[in-house]
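Next come the chains, spelled out residue by residue.
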Amino acid sequence: MSDPDELLRIEGIRKTFPGVVALDGVDFDLRRGEVHVLLGENGAGKSTLIKMLSGAYTPDGGRILVDGRETRIHGAQDAERLGIATIYQEFNLVPDLTVAENIFLGRQPRRFGMIDRKTMEADADALLARVGVDVSPRARVRELGIARLQMVEIAKALSLDARVLIMDEPTAVLTSEEVEKLFGIVRSLREDGVGIVFITHHLEEIAALGDRVTVIRDGRSVGEVPAATPEDELVRLMVGRSIEQQYPRQRAERGAPLLSVEGLTRDGVFHDVGFEVHAGEVVGIAGLVGAGRTEVVRAVFGADPYDDGTVKVCGDRLRRHDVNAAMAAGIGLVPEDRKGQGLVLDASVEENLGLVTMRAATRGGFVDRKGQHDAAGRIAGQLGVRMAGLGQHVRTLSGGNQQKVVIGKWLLADTKVLILDEPTRGIDVGAKVEIYQLINELTAAGAAVLMISSDLPEVLGMSDRVLVMAQGRIAGELRATDATQDAVMALAVSLPTADKDTDKEASRGH
Ligand SMILES: Nc1ncnc2c1ncn2[C@@H]1O[C@H](COP(=O)(O)OP(=O)(O)OP(=O)(O)O)[C@@H](O)[C@H]1O
Ligand SMILES: [Mg+2]
């Protein structure tokens with residue numbers, strides 16, 4: 001008979017999309033009071049699998065059993081009725097509604113037939129306090145930065161009081177502090193008997209939080225192992241080979257300064273920021289969320305204005321707030337919010353990869369379509385973009401593969417100064433190494449790279465120098481080779497003057 005602790009079981013599930021077999025026989029089960037990690041490369045089928053449980057997709061074959069009974073889950077309401085809540089990898093919030101309206105969408109508390117705003121906002125406030133995020137229930141979702149969006153998604157899922165909680169890369173956009181808070185919540189839900197499906201590309205989180213791991217590769221389950229399994233063994237199961245060197249930085253010869261920033265200030269956001277990035281160099285920017293890192297690079301790229309200071313490329317001063325001028329001067333920016341800013345979701349992989357080069361090419365009055373096609377194919381191959389073909393719409397790529405396309409677009413564009421804002425967010429361990437190798441190639445060819453990263457091992461492992469920002473200022477600079485994570489953190493929290501403006505991130509437009 002069925003095991004009373006088994007919440008759900010998946011047997012031989014299959015799902016095919018035009019041109020892609022996403023799942024080709026996956027088995028999985030979830031018990032009460034456990035964190036079951038789903039591990040696999042970008043495009044392995046993790047998100048597709050959980051979408052069968054949340055009712056977003058129906059399987060082409062195989063069975064789903066809930067409490068031992070075969071069940072069909074059609075749509076979100078079915079899933080909700082079965083006690084299954086999902087936090088999707090791509091956010092599912094309505095930008096023009098408030099935080100509270102999003103949390104209780106479709107289930108707003110009512111009084112005398114009217115939506116009871118007061119109760120709704122008070123309940124939302126309590127949930128937000130529980131996840132430990134400082135955001136008003138009345139704020140519009142469109143005004144929130146990406147980390148806060150994620151915390152609101154989590155609050156929304158908690159409000160459902162589910163028996164099964166599915167989390168698809170919830171930590172990808174969070175900093176270590178927020179991750180710790182989230183882990184606290186997950187542990188207490190586990191104590192209460194909730195079964196949690198947890199997807200992550202951060203291997204260190206597996207032992208810290210998980211109980212069991214199911215590994216999927218190319219749409220098939222390849223094994224189930226304890227969460228305490230050593231990381232290199234997990235990597236081997238996941239990518240089918242071992243990875244020798246996680247951070248293969250090859251230092252290049254340092255040339256002339258390509259990017260020079262002086263006294264850059266935007267009132268209330270960042271102050272007197274100055275640094276140089278030389279040809280052949282990778283300069284990392286570390287800091288906590290809200291330190292102003294993204295704001296600074298967006299200003300350098302011309303996407304946002306600034307009040308004071310100068311930005312020079314190869315000695316030539318750039319007009320402020322002029323993306324076209326920045327691009328013409330050879331600056332590229334891979335933004336942290338790839339969906340919002342980096343991609344045209346309903347265009348093909350090839351069109352997206354060609355977005356920047358196309359501009360340059362048409363300016364000369366001539367587009368080399370064959371050349372574009374070949375170049376797109378080459379870069380997609382180098383980055384290992386998993387797709388049915390160059391014509392596939394970017395919307396239907398897996399999350400990590402979308403991120404590879406954003407990076408590929410700039411790699412193709414012959415960029416002199418490439419700015420990367422959290423470039424490996426959501427990228428699997430194998431593909432990360434490919435991206436690092438491309439960074440090496442760029443610097444070897446004389447480009448300059450400026451990389452924001454909240455992943456300390458990455459920022460130390462792949463940079464030559466690290467700038468640490470705190471509260472809108474550069475708090476210090478370290479040589480990456482002999483800096484420690486502790487030294488970076490000490491600088492990141494170094495400025496004592498509590499800035500009133502902790503809601504900085506919320507003011508950024510998306
Ligand atoms: N709606 C769709 N139409 C066509 N192909 C799809 C669709 N959804 C997913 N796919 C394809 O199915 C495969 C599995 O994608 P999925 O999103 O499940 O990967 P994943 O394991 O979650 O990867 P990641 O770690 O990058 O998020 C990919 O090849 C993807 O392009
Ligand atoms: Mg996914």
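Residue indices follow the written sequence of each chain, beginning from 1 at its first position. By the order in which they are written, chains take letters starting at A while ligands take numbers starting at 1. Local features in this predicted model are restricted to residues whose pLDDT is 70 or higher, and side-chain atom pairs enter the listing and the counts only when it is 80 or higher, whereas totals over whole chains, interfaces and linings include all residues. Water and hydrogen atoms play no part in the side-chain values, which are based on all heavy atoms of the structure.

This paragraph deals with the pattern of salt bridges. What makes a salt bridge here is a side-chain nitrogen of Lys or Arg within 4 Å of a carboxyl oxygen of Asp or Glu, nothing more. Under the defined criterion, the tally for this structure stands at 36 salt bridges. Ionic pairing is found between Arg465 and Glu281, a salt bridge with its closest N-O pair at 2.7 Å. One end of the pair, Arg465, is in strand S21 (residues 465-470); the other, Glu281, is in the loop between strand S14 (270-278) and strand S15 (282-287), with 184 residues separating them in the sequence. There is no split in this pair, since Arg465 and Glu281 are both buried. Put simply, DSSP H or I for four residues or longer makes a helix, DSSP E for two residues or longer makes a strand, and each gets a number counted from the N terminus. Each residue is placed in one exposure class: buried if its accessible area under a 1.4 Å probe, protein chains only, is under 20% of its type's maximum, exposed if it is over 50%, and partly exposed if it falls in between.

Right, let's talk about the layout of surface pockets for a bit. Here a cavity means grid points, on a 1 Å grid over the protein atoms only, where a 1.4 Å probe fits yet cannot get out; a pocket means an open set of points with protein on both sides within 12 Å along at least five of seven lines; lining residues are those with an atom within 4 Å of a point. Grid points are joined across faces, edges and corners, and a volume is the space filled by probe spheres set on the points. Counted as a void, the second largest pocket has a volume near 820 Å³. Looking at the second largest pocket, it is lined by 38 residues, and the ones nearest its centre are Glu204, Ser454, Asp455, Leu456 and Pro457. Sorting the residues of the lining of the second largest pocket by element identifies helix H6 (176-191), helix H7 (204-209), S15, helix H16 (429-444), helix H17 (456-462) and helix H18 (485-492) as the ones contributing at least two each. Classes in brief: Ala, Val, Leu, Ile, Met, Phe, Trp, Tyr, Cys and Pro nonpolar; Asp, Glu, Lys and Arg charged; the others, Gly included, polar. For the lining of the second largest pocket, the residue count by class is 18 nonpolar, eleven polar and nine charged.

Moving on: the side chain of Thr310. By secondary structure assignment, the location of Thr310 is in strand S16 (residues 308-313). On the basis of relative accessible area, Thr310 is assigned to the buried category, the value being 15%. Throughout, a contact is declared for two residues whenever any of their heavy atoms are within 4.5 Å. Non-local contacts of Thr310, meaning those with residues more than four positions away in its chain, are made with Ser260, Val261, Glu262, Leu264 and Arg317.

What follows covers the nonpolar core. Soluble globular proteins tend to pack their nonpolar side chains together in the buried interior. What is meant by a nonpolar core is a set of buried Ala, Val, Leu, Ile, Met, Phe, Trp, Tyr and Cys residues, joined one to another through side-chain atoms within 4.5 Å. Leu259, Leu264, Phe275, Val300, Ile331, Ile439 and Leu450 are the most contacted members of the largest nonpolar core, which has 69 residues in total. Looking at this core element by element, the count peaks at six residues for H16. Not counting residues within four places of it along the chain, the set of residues in contact with Ile331 comprises Leu259, Val300, Phe301, Val313, Leu318, Ala326, Trp410, Thr415, Val417 and Ile419. With 57 residues, the next largest nonpolar core counts Leu127, Ala172, Leu189 and Leu209 among its residues.

We now examine H18. Buried residues of H18: Val488, Leu491 and Ala492, and no others. The buried residues of H18 occupy an angular sector of 100° when the element is viewed end-on, so they sit on one face. The elements touched by buried residues of H18 are S15, H17, S21 and strand S22 (473-479). Picture the helix axis, draw a direction to every C-beta atom, and the arc is the one those directions span.

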